[in-house]
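Residue strings, one per chain:
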Protein chains: 4
Amino acid sequence: MKVGLIGFGKTGKAVAATVLRNKELILEWVVRRSKLLDHRSIPEFLGEPSDEPGLIYSSSLTTISELLDEHPVDIIIDFSSETGLDYYGNEAAKRKVKIISAVSHYSEETIQRLKKYAEKTAVLWSPNITLGVNYLMIAARYLKKIAPNTDMVILEEHFKDKSGVSGTAKIIANNLDIEHQEIKSVRAGGIIGKHEIICGFPFQTVRLIHESITREAFGNGAIFVAQNLIGKEKGFYTFEDLLMPYFAEQKNS
Amino acid sequence: MKVGLIGFGKTGKAVAATVLRNKELILEWVVRRSKLLDHRSIPEFLGEPSDEPGLIYSSSLTTISELLDEHPVDIIIDFSSETGLDYYGNEAAKRKVKIISAVSHYSEETIQRLKKYAEKTAVLWSPNITLGVNYLMIAARYLKKIAPNTDMVILEEHFKDKSGVSGTAKIIANNLDIEHQEIKSVRAGGIIGKHEIICGFPFQTVRLIHESITREAFGNGAIFVAQNLIGKEKGFYTFEDLLMPYFAEQKNS
Amino acid sequence: MKVGLIGFGKTGKAVAATVLRNKELILEWVVRRSKLLDHRSIPEFLGEPSDEPGLIYSSSLTTISELLDEHPVDIIIDFSSETGLDYYGNEAAKRKVKIISAVSHYSEETIQRLKKYAEKTAVLWSPNITLGVNYLMIAARYLKKIAPNTDMVILEEHFKDKSGVSGTAKIIANNLDIEHQEIKSVRAGGIIGKHEIICGFPFQTVRLIHESITREAFGNGAIFVAQNLIGKEKGFYTFEDLLMPYFAEQKNS
Amino acid sequence: MKVGLIGFGKTGKAVAATVLRNKELILEWVVRRSKLLDHRSIPEFLGEPSDEPGLIYSSSLTTISELLDEHPVDIIIDFSSETGLDYYGNEAAKRKVKIISAVSHYSEETIQRLKKYAEKTAVLWSPNITLGVNYLMIAARYLKKIAPNTDMVILEEHFKDKSGVSGTAKIIANNLDIEHQEIKSVRAGGIIGKHEIICGFPFQTVRLIHESITREAFGNGAIFVAQNLIGKEKGFYTFEDLLMPYFAEQKNS
């Protein structure tokens, strides 16, 4: 499976390294805005022992058409920002290249654009593309279904300078019909990221906790998504859509 | 729904109180070995404000036939010990009274007896009849299905004097194919009971935790089971069998 | 050491039971407002196997002078409310009976009254009279002294219906110069009480956690305080004052 | 304060970066066994924006005498292994350069050598040179002093491949007279490092937890030690010796 990556910030680099280490995926290229590393080898730059040939390109020096002509890919993974889509969206959809976007925030308008592309190819958007957080959200929803009166509170902990309530916590809250005032945010030191769903019952408590160790968790999530999206028809997907089939099957009897 | 309770130790009393407070279930009687409280009113003895008429009987003074003749029930809930079944098993099966057993340990022979009764009535056995622990077990199994290479470790904490590894931890381990040496047991002070399934990934950790607050959690679990078992055909059930339908349905779209 | 107890609500009862089980303290009497259990035996009422002779008195039927004449005590332990002091305060101070108050909230005026009594006898006020919470507070203060730039956040979890921010959390915050907005309150199910001080550093996190299991923790705290206060001069003390000597001594070399 | 660093593995590099970022300490040089990076600039190699002039040297190309003649330092910080001491020990002691060793394991013989050096200069050995772990150990010891009957259990969690029980957990256990069988080791995924001291009381639990986020915690610990050791006389010190004065002082009244 050939993959192109949009975005090469801290998270983008961690994702690139994770993809390089994976044997099923080949990282054909990375596109970033800056011209600084143009045409540098990805494995060499990251110090990753890999013989994959992928290079770094600048979006201001190479168009997506040129890139896809010379180095076609099956999937584009986007870890840039909302405007990243301007570069590759139309062309990817036209050529039926699948799209995985891990951009945290999109305006409603951009989401509509994604859905438009989804009429031509498979498009998945996941604002927190870790297996753990998405699993947690589904698992908690089932608990709520079993015990609708459970009190659910979300506790999220992040590094001191993170401003605002965690976007992931808000998504979990929306998904579980938890009021946003039931999100408690702790900001202290260098905590990478912890999300806890506290489920209170009269005589017992259930806690579902996700702790991030490093950004590479996003890389592994993107790979999981790529592997599960590759066989899918055109359409708009969420991480949850890919996880649900695992839950649907009955007990192994 | 009329209920009879076998066993009136610490847990049995907590369960009786919980059932009394529930409006859908009527606690018709409690049977215990000792003659001490024979014919005392259950609500009065427990100090529970309830106008239910149920009395306490001794198994050495009243037979189950006499009891079921005068005070028929839909379900018998057993919080006694392995031998409790000798008192009511045959007669309950014959009369198609449903059986819920929360006895922690049964010999293989007794399990076979339960399955025999299950040919005539609905029988459910749950060695840890809390919603939380049973939910956790299923949720963890799905995580293992999604990510088979996860490292799973079970951490259980209980009061200082609890001897041996927690039976519940062993059941969780068996259910998830976790080796018993991966169960870590902490014994300290008066901890009521905590079970944690630690799921290790390379770059993230998921923790599923159940904490017991009081024994009444067993009562609420028994009520949940009763409510879900009442409409079931004859057969042998586990707590999991009752929870699975909640997981089976697809996303509410 | 002879002890009298003011207050016989849920916590007062748990404290009474704990004191009965302790061999160094003798529970001479309990005083409560209601006339309901007047002159009943404390051990008998609580179902505690003890041969101590203490009885329950109503504050509206027996004055503190009559009580102290017939059943003198060394220490009065108060688990009632702010007005409890009206009953015994003056008389206790006059007779140099030591006072331990575990009342959660006092007005500034009442605190001044306590300090007045402290000119005649030893008076200790602890709004959360558990060893664990008071230890945590001191331990956290030392951490702050060692590393003044640590980010400290207080997380407190209690049962759904508890209104307002935990008074204990506020005391911890005041003690550690933590702003009250850095107290995060979780309300869910039947959680008895958990206080966590999260100390964030750039590359590590320290967490100091106290979990209450049952109200009897207050009883054990009161006994600890009684044992450490009995040899003290007149004066106004806090729980911390009794703990500090344990910290003051140097390394056992 | 001028500092020389012995060892430039993963931890050594993280420590070097932390020291570079600190304004009170100047990193004069790093010594490592390999000749690979000989005479490379430390800030440049680590990509740290610093104008400090320190270079990397190989122990096989430059002797410690040559190094200390040209680039004298106040303190040598050792993050290498047991044999690292052979390179600099004698010479550092002779010149009264202070020594901070963070080497995890030393034979009894090497410890004796360190103590010999301590007759001439200040020597500190800390097998886990983080503020958090050392603080935890002292705080727990005070709790044990206050409540000698507390049940103490140590829980340590690390990445899957870490073999054996954590050395830090063993040190904590020895320090607190906890039997080694009361250390519970969890190995799962990529957990960096977590140490928890669970203190069980009959009716409450206290938990003291240290979580490592990155190796740079060791760098900050080494800096704290350097700042507190610089004014000290010759002698053999532990991290604890530097922390105790913070605990010794009484309440700020």
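Residue positions are counted from 1 within each chain, in the order its sequence is given. A letter from A marks each chain and a number from 1 marks each ligand, given out in the order of writing. For this predicted model, a pLDDT threshold of at least 70 governs which residues receive local features, and a threshold of 80 or more governs which side-chain atom pairs are given and counted, while totals over whole chains, interfaces and linings are taken from all residues.

## A few points about the overall build of chain A
- Along the backbone of chain A there are nine helices and eleven strands.
- Each radius of gyration is computed over the set of C-alpha atoms, and the globule rule expresses the reference value as 2.2 Å times the number of residues to the power 0.38. In terms of overall dimensions, chain A is globule-like: its C-alpha atoms have a radius of gyration of 19 Å, near the 18 Å expected for 253 residues.
- With the C-alpha coordinates aligned to their principal axes, the bounding extent of chain A is approximately 60 × 40 × 40 Å.
- Taking all 253 residues of chain A together, 50% fall into the buried category.
- Residue pairs qualify as contacts under a 7 Å threshold applied to their C-beta atoms, which are placed from the backbone. Counting only contacts in chain A whose residues sit at least 6 apart along the sequence, the fraction spanning at least 24 positions is 71%. In this description a helix means any DSSP run of H or I spanning at least four residues, a strand means any run of E spanning at least two, and both kinds are numbered starting from the N terminus. Any residue with 12 or fewer other C-beta atoms within 10 Å of its own C-beta is exposed, any with 20 or more is buried, and the rest are partly exposed; the C-beta atoms used are placed from the backbone.

## Describing the sheet that holds strand S10 (residues 204-212) of chain C
- Criterion used throughout: strands pair if DSSP finds at least two bridges between them. Spatial strand order, S8(C)-S7(C)-S9(C)-S10(C)-S10(D)-S9(D)-S7(D)-S8(D): eight strands in an open sheet with mixed pairing. Edge positions in the open sheet fall to strand S8 (183-187) of chain C together with strand S8 (183-187) of chain D, since each of these has one partner strand only. The mean inter-strand angle of the sheet, taken between neighbouring strand axes irrespective of direction, is 15°.
- Only the stretch in contact is used when fitting a helix axis, every axis being a line fitted to C-alpha atoms; angles between N-to-C directions are given from 0 to 180 degrees. Lying on the sheet, helix H6 (residues 131-146) of chain D is in contact with S10 of chain C together with strand S7 (151-158), strand S9 (194-200) and strand S10 (204-212) of chain D; it crosses S10(D) at an angle near 165°.

## What to know about the relation of the copies chain B and chain D
- At an RMSD of 0.0 Å, chain B and chain D line up after a rotation of 180° and a shift of 0.0 Å along the axis. Viewed as a symmetry operation, the transformation between the two copies matches a two-fold axis. Identified as the residue of chain B closest to the rotation axis by C-alpha distance is B:Lys184, at 3.1 Å.
- Take the interface residues of chain B: 94% of them recur as interface residues in chain D, which is what a same-surface contact looks like. Residues below a pLDDT of 70 in either copy are left out; the C-alpha atoms of the rest, at least 70 in both, set the least-squares superposition of the copies.

## A word on the pairing of strand S7 (residues 151-158) of chain A
Residues and elements named next belong to chain A.
- The buried fraction of S7 is high, at eight of eight residues.
- With five bridges connecting them, S7 and strand S8 (residues 183-187) associate as parallel partners. Residue pairing for S8: Ile154 is matched across the bridge by Ile183.
- Each parallel crossover has a hand, and for S7 linked through helix H7 (residues 167-176) to S8 it is right-handed. Look down the strands so they point away from you; if the path from the first strand over the helix to the second goes clockwise, the crossover is right-handed.

## Some words on the pairing of strand S6 (residues 122-125) of chain D
Residues and elements named next belong to chain D.
- Residues Ala122 and Leu124 line one face of S6 and the alternating positions Val123 and Trp125 line the opposite face, and both faces are buried.
- Here strand S5 (residues 98-101) pairs with S6 via three bridges, running parallel. From the neighbouring strand, Ile99 faces S6, where its bridge partner is Val123.
- As a crossover connection, the stretch from S5 through helix H5 (residues 108-117) into S6 is right-handed.
- The sheet contact formed by S6 and strand S11 (residues 235-237) spans three bridges and is parallel. Within S11, the position partnered with Leu124 by the bridge is Tyr237.

## Quick notes on the interface of chain B and chain A
- In this complex, chain B contributes 36 residues to the contact, which on the side of chain A involves 36 residues.
- Residue assignment for the side of chain B that touches chain A shows that the elements contributing at least two residues are helix H6 (131-146), strand S10 (204-212), helix H8 (216-229) and helix H9 (239-248) of chain B.
- Residue composition of the side of chain B that touches chain A, grouped by class: 21 nonpolar, nine polar and six charged. Polar here means any residue outside two lists: the nonpolar Ala, Val, Leu, Ile, Met, Phe, Trp, Tyr, Cys and Pro, and the charged Asp, Glu, Lys and Arg; Gly therefore counts as polar.

## Observations regarding helix H6 (residues 131-146) of chain C
- Given the number of residues in a helix, its expected span is that number minus one, multiplied by 1.5 Å. The end-to-end C-alpha separation of H6(C) is 23 Å, in line with the 22 Å expected for 16 residues at 1.5 Å each.
- Where H6(C) is concerned, the buried positions are C:Leu131, C:Gly132, C:Val133, C:Asn134, C:Tyr135, C:Leu136, C:Met137, C:Ile138, C:Ala139, C:Ala140 and C:Leu143.

## Quick look at the relation of the copies chain B and chain A
- It takes a turn of 180° to lay chain B on chain A, together with a shift of 0.0 Å along the axis; the resulting RMSD is 0.0 Å.
- Taken as a fraction of all interface residues of chain B, those also at the interface in chain A reach 100%, which identifies the copy contact as same-surface.

## Regarding the interface of chain B and chain D
- Of the residues lining the interface, 17 residues belong to chain B; the matching set on chain D comes to 16 residues.
- Within the residue set of the side of chain B that touches chain D, elements represented by two or more residues are strand S7 (151-158), strand S8 (183-187) and strand S9 (194-200) of chain B.
- Split into classes, the residues belonging to the side of chain B that touches chain D amount to nine nonpolar, four polar and four charged.

## Overview of the sheet that holds S8(A)
- A sheet is described by the order of its strands in space; here eight strands give the open sequence S8(A)-S7(A)-S9(A)-S10(A)-S10(B)-S9(B)-S7(B)-S8(B), paired in mixed fashion. With partners counted over all chains shown, the strands left at the sheet margins are S8 of chain A together with S8 of chain B, one partner each. Neighbouring strand axes in the sheet, compared pairwise and without regard to direction, differ in orientation by 15° on average.
- Contacting S7, S8 and strand S9 (194-200) of chain A, H7(A) crosses the sheet at an angle of about 170° to S7(A).

## A word on the packing of helix H4 (residues 84-94) of chain B against helix H5 (residues 108-117) of chain B
All names here are of chain B.
- Orientation of H4 relative to H5, taken along the N-to-C sense of each, is 25°, at an axis distance of 9 Å. Compared by their axis directions, H4 and H5 come out roughly parallel. Touching Leu85, Gly89 and Ala93 of H4 are Thr110, Arg113 and Tyr117, all from H5.
- Considering only residue class, the contact of H4 with H5 consists of three nonpolar, two polar and one charged. With respect to orientation, any angle under 35 degrees is reported as roughly parallel, any angle over 145 as roughly antiparallel, any angle of 65 to 115 as roughly perpendicular, and every other angle as oblique.

## Quick look at the domain arrangement of chain A
Residue and element names in this part refer to chain A.
- Those domain boundaries reflect an automatic or database domain assignment. Assigned domains within chain A: domain 1 (2-129 + 216-247) and domain 2 (131-211).
- Contact with domain 1, which involves eleven residues of that partner, is made by eight residues of domain 2.
- Elements with a contribution of two residues or more to the side of domain 1 that touches domain 2: helix H8 (216-229) and helix H9 (239-248).
- Per-element tally for the side of domain 1 that touches domain 2: the top contributor is H9, with four residues.

## Quick notes on the confidence of the model for chain A
- pLDDT runs from 0 to 100 and stands for how confident the predictor is about each residue. This prediction gives chain A a mean pLDDT of 95; 98% of its residues lie at or above 70.
- This prediction of the complex comes with two scores: 0.94 for pTM and 0.92 for ipTM.

## Re unusual backbone geometry
All names here are of chain A.
- A positive phi angle, near 55°, is found at Asp177, a position not held by glycine.
- As for its placement among the helices and strands, Asp177 is situated in the loop between H7 and S8.
- On the neighbour-count criterion, Asp177 (9 C-beta atoms within 10 Å) is exposed.

## A few points about the environment of B:Tyr142
- Along the chain, B:Tyr142 falls in helix H6.
- Between the C-alpha atom of B:Tyr142 and that of B:Leu176, which follows or precedes it by 34 residues, the distance is 9.7 Å.

## A few points about helix H4 (residues 84-94) of chain D
Residues and elements named next belong to chain D.
- Within H4, the full set of buried residues consists of Gly84, Leu85, Tyr87, Tyr88, Gly89, Ala92 and Ala93.
- Each element contacted by the buried residues of H4 is listed here: strand S1 (2-6), strand S2 (26-32), helix H3 (64-70), strand S4 (75-78), S5 and H5.
- Where H4 ends, the next residue or the one after it, Lys96, has phi of about 60°, a positive value.

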